[in-house]
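Chain by chain, the residues:
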Amino acid sequence: MTLNLEKIVKTDRITTGAQTISSFILFLYFPIGVILAAFRICLTINFLCAQILFNLLCFRDNMIRRAFERLYFAVLGIVHVQPNMKLHQRHCMLVANKLTNIDGVFLSILCNCSYACNEKHTSVLRWLLRIVNLHENPEQRMSLLETGNTSLLVQPESYPTCGAALLKFRSGLFDNEKQIQPMTIKLKRPFPISGGTLGSSWVQDLLWTYFCPLSVYEVKVHPVICKESEEAADLFRDRVRKSMSQALGIPCSNYDASDVEELIKRKKFESRRPQQHLESRQESAINPRTKMMAKQVKDILPHVPLPIILSDLVKTKSVDVTVANILEGVVKFVPETSISSPSTSQVVTKQPSPFKGAGFSRNAGERHMTLQEKKEAFLNKARENYLKKHGLQ
Amino acid sequence: MVGSALKRLMAEYKQLSLNPPEGIVAGPVNEENFFEWEALILGPEGTPFESGVFRTSLHFPTDYPMSPPKMKFISDIFHPNIYPDGRVCISILHSPGDDPMGYETSAERWSPVQSIEKILLSVMSMLAEPNPESGANVDASKMWRDDREQFNKRAEVLVRQSLGLPEQL
């Protein structure tokens, strides 16, 4: 797949592309959306209380409850259209794709089944919304299916996508099932607000859903897929995924949940960077004249790192003083390795230099004398070598 | 500008005195004028110029290290890349702007990052490996290519001359 992961998992909640008109309308809508969301939050509390009542009265599968729930959802802005919503088989594993962190709950209430998810919810919420935590009690999941009381919904993608492609399914979710019931969902919203974004929590997704005037879910139930007797678990997983991607008309991607986790980490790391930008901005606050002077010093002494030159120049405000400071060792620094010219292939001669370690006098006359002596010694040494080589001594 | 050139030359002189590269002695001709240098280069081992000590002069411009120095052999020398008058034809001594031969990449050219030490080492390796493509001395190029024996003989004479030894021993 050539599809980039960042195109499958949205990083921005609001996608404002070329449609400036729709973003303008969104801007106008914003206060209405906030009021609407506030109203819907109150209504949700109301809804949860009603759920408690229903649960206590043991109306598990009741016509009144169904109608009531749908009405509530409609007011909360979650509408579903389904060409064929009838489950083909009761008490089996339901597999659906994931678009937001809350559509699992919505679907499970809609299908009157339990929902298995990764996230940790409080026990009250779990009891109310019939959520099974996958990490905590895998036995519960098994027992739910074995007793045959209810169906269990899983979303094996683990992370919400924008619906451009299917992520790889997590292993171990329906490996032991004989048959599964695939479902596909599509989400449509009047504004370019994506359902779930990279690393978003279910609270965020819920609030944005409430903010939207409408979230239209197109729910489709597909024929039951049976696992063949000899089929390996991963092949079965792939087969289910392929059939779902065909039904949705989107490709299967090569990314899985761990890739999304990596992307979340990377984005977090990148978001920390602006601090470094701040530091470089401080550096650019050094006035251009100092920079010019620093460049002059750097030209004279290319092996001295620029930050050290700059810091000394800020103090001295003079090229000459800074150069003198560096040469006299007042300023300490670690020399930069200069880029050596490729043409200077160094000729290595074996004999050690006899002139090493001869000091560098501060006195001009002394210095010159040493240089003359060195030249003389150099010439004599070479002459000696020559004669020795030719056996003439 | 003169001040910074002087400071840089001083720094390089100090560096070359304390840490002299193999086979090279270099310094100002006299302490009054730091822009005129003299350098002795030892002919690299295993080459026709082996053991010879060649005297060269370096003339630095006042905007050094922005512009490269001019280098000239004072000792007589017969080499494909050295003009008969002693001027050295080597890429490190050319600013990136001028390219008399039209074959050098700017990476090999002069820049403030280069140094006197690098120039002298380049000249040393040039003595070891002449580049007949950039023939500054056509006769030497020809001889080096076609009659190596004759070339070696001629170099031998020059080596003795540079050491102050008589031509025949």
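Conventions adopted
Residues numbered from 1 in each chain as written. Chains lettered and ligands numbered in written order. Predicted model: local features only at pLDDT ≥ 70, side-chain atom pairs only at ≥ 80, totals over all residues. Heavy atoms only, no water. UniProt positions renumbered as here; feature names shortened; annotations may be inferred. Helix = DSSP H or I, 4+ residues; strand = E, 2+ residues; numbered from the N terminus. Buried < 20%, exposed > 50% of the residue type's maximum accessible area, 1.4 Å probe, protein only. Contact = heavy atoms within 4.5 Å. Areas by Shrake-Rupley, 256 points an atom, 1.4 Å probe, with all protein chains shown as cover. pLDDT = per-residue confidence, 0-100. Phe/Tyr/Trp six-rings, centres within 6.5 Å; stacked < 30°, edge-to-face > 60°. Lys NZ or Arg CZ within 6 Å of the ring centre and 35° of its normal. Pairing = 2+ DSSP bridges. Axes fitted to C-alpha atoms, helices over the stretch in contact; angles between N-to-C directions. Salt bridge = Lys/Arg side-chain N within 4 Å of Asp/Glu carboxyl O. Polar contact = N/O pair within 3.5 Å; in protein donor to acceptor, adjacent residues only side chain to side chain.

In the nomenclature of an unreviewed UniProt entry, chain B is known as UBC core domain-containing protein of Clavelina lepadiformis. Looking at chain B in UniProt, the text filed under Sequence similarities (unreviewed entry) is "Belongs to the ubiquitin-conjugating enzyme family."

Labelled according to an unreviewed UniProt entry, chain A appears under the name Lipid droplet-regulating VLDL assembly factor AUP1, originating from Clavelina lepadiformis. In its Sequence similarities (unreviewed entry) section, the UniProt entry covering chain A states "Belongs to the AUP1 family."

### A short note on the overall build of chain A
Across its full length, chain A holds 14 helices and 8 strands. Classification of the 393 residues of chain A by burial places 43% in the buried group. A sequence separation of at least 24 residues applies to 74% of the contacts in chain A between residues at least 6 apart. Accessible surface for chain A amounts to roughly 21,700 Å². Of this, 59% is attributable to carbon and sulfur atoms.

### Concerning the confidence of the model for chain A
Overall, the prediction assigns chain A a mean pLDDT of 77, with 81% of residues at 70 or greater. Counting contacts from residues 338-357 of chain A, a segment whose pLDDT is below 50, to residues more than four positions away or on other chains yields 41 contacts.

### Details of the UniProt feature "active site" (unreviewed entry) in chain B
UniProt annotation of "active site" (unreviewed entry) refers to B:C89 when read in the numbering used here. Here B:C89 is to be found in the loop between β4 (70-73) and α2 (116-128).

### Quick notes on the environment of A:T15
Residue and element names in this part refer to chain A. Structurally, T15 is set in the loop between α1 (5-8) and α2 (20-56). As for T15 and P192, which are separated by 177 residues in sequence, their C-alpha atoms are 5.5 Å apart. Sequence-distant contacts of T15, defined by excluding residues within four places in its chain, comprise K10 and P192.

### Considering the packing of aromatic side chains
Residue and element names in this part refer to chain B. Summed over all chains, the structure comprises 19 aromatic pairs over all chains. Considering the side-chain rings of F54 and F73, the 6.4 Å spacing of their centres and the 65 degrees angle between planes classify their relative orientation as edge-to-face. With a gap of 19 residues between them, F54 in strand β3 (residues 53-59) and F73 in strand β4 connect regions that are remote in the sequence. F73 gets classed as buried once you look at its relative accessible area, which sits at 4%. Aromatic side chains F60 and Y64 sit 4.9 Å apart centroid to centroid with 75 degrees between the ring planes, which places their arrangement in the edge-to-face category. A residue is classified by how much of its surface remains accessible, and F60, at 2% relative accessible area, is buried. Look at Y64 and you get buried, because its relative accessible area is 0%. Positioned over the ring face of W144 is R148, at 3.8 Å from the centre of the ring. Directly above the ring of F78 sits R154, whose terminal nitrogen or CZ lies 3.9 Å from the centroid.

### Details of the confidence of the model for chain B
Low-pLDDT stretches of the model should not have their predicted coordinates read in fine detail. Residue and element names in this part refer to chain B. On average, chain B scores 85 in pLDDT, and the residues at 70 or more come to 91%. Put simply, helix α1 (residues 2-18) is where chain B has its lowest mean pLDDT, 85, and β3 is where it has its highest, 93. Scored as a complex, the prediction yields pTM 0.49 and ipTM 0.83.

### Here's the deal with the pairing of strand β7 (residues 215-221) of chain A
Residue and element names in this part refer to chain A. Taking every second residue as pointing to the same face, the buried face of β7 carries S215, Y217, V219 and V221, while none of V216, E218 and K220 on the other face is buried. Relative to β7, strand β1 (residues 78-81) is paired through 4 bridges, and the arrangement is parallel. Its bridge partner lying in β7, V81 is registered against E218.

### A closer look at the environment of A:V323
Structurally, A:V323 can be placed in helix α13 (residues 319-327). Residue A:V323 is classed as buried on the basis of its relative accessible area of 1%. Sequence separation of A:V323 and A:Q296 is 27 residues, and the distance between their C-alpha atoms is 9.6 Å. Setting aside chain neighbours within four positions, we find A:V323 in contact with A:V297, A:I300, A:L301 and B:K7.

### Quick look at the sheet that holds β4(B)
All names here are of chain B. Strand order in the open sheet formed by 4 strands is β1-β2-β3-β4, and the pairing between neighbours is antiparallel. The outermost strands of the open sheet, each flanked by one partner alone, are β1 (24-30) and β4. Across this sheet, the average inter-strand angle for adjacent strands is 25 degrees, counted without regard to direction. As defined by bridge partners, β3 adjoins β4 across 4 bridges and the pair is classed as antiparallel. Across the sheet, T56 pairs through a bridge with F73, a residue of β4. Here α1 sits on the sheet and contacts β1 and β2 (33-42); the angle it forms with β2, its principal contact strand, is near 30 degrees.

### Things to note about the pattern of salt bridges
Taken as a whole, this structure holds 9 salt bridges over all chains when the rule is applied. In this structure, A:K188 engages A:E218 in a salt bridge whose closest nitrogen and oxygen atoms are separated by 3.7 Å. Within this pair, whereas A:K188 is found in strand β6 (residues 179-188), its partner A:E218 is found in strand β7, the two being separated by 30 residues in sequence. Here A:K188 falls in the exposed class, since its relative accessible area comes to 55%. Residues B:E38 and B:R55 are paired through a salt bridge, measuring 3.1 Å at the closest nitrogen-oxygen approach.

### Brief notes about the side chain of B:H79
Residue and element names in this part refer to chain B. Residue placement: H79 occurs in the loop between β4 and α2. Classification of H79 by relative accessible area gives buried; the value is 0%. In this structure the side chain of H79 is engaged in a polar contact, spanning 3.0 Å, whose partner is the backbone nitrogen of N81. In this structure the side chain of H79 is engaged in a polar contact, spanning 3.0 Å, whose partner is the backbone oxygen of M126. For H79, the contacting residues outside a window of four places in its chain are F49, M126, L127, P130, N137 and A140.

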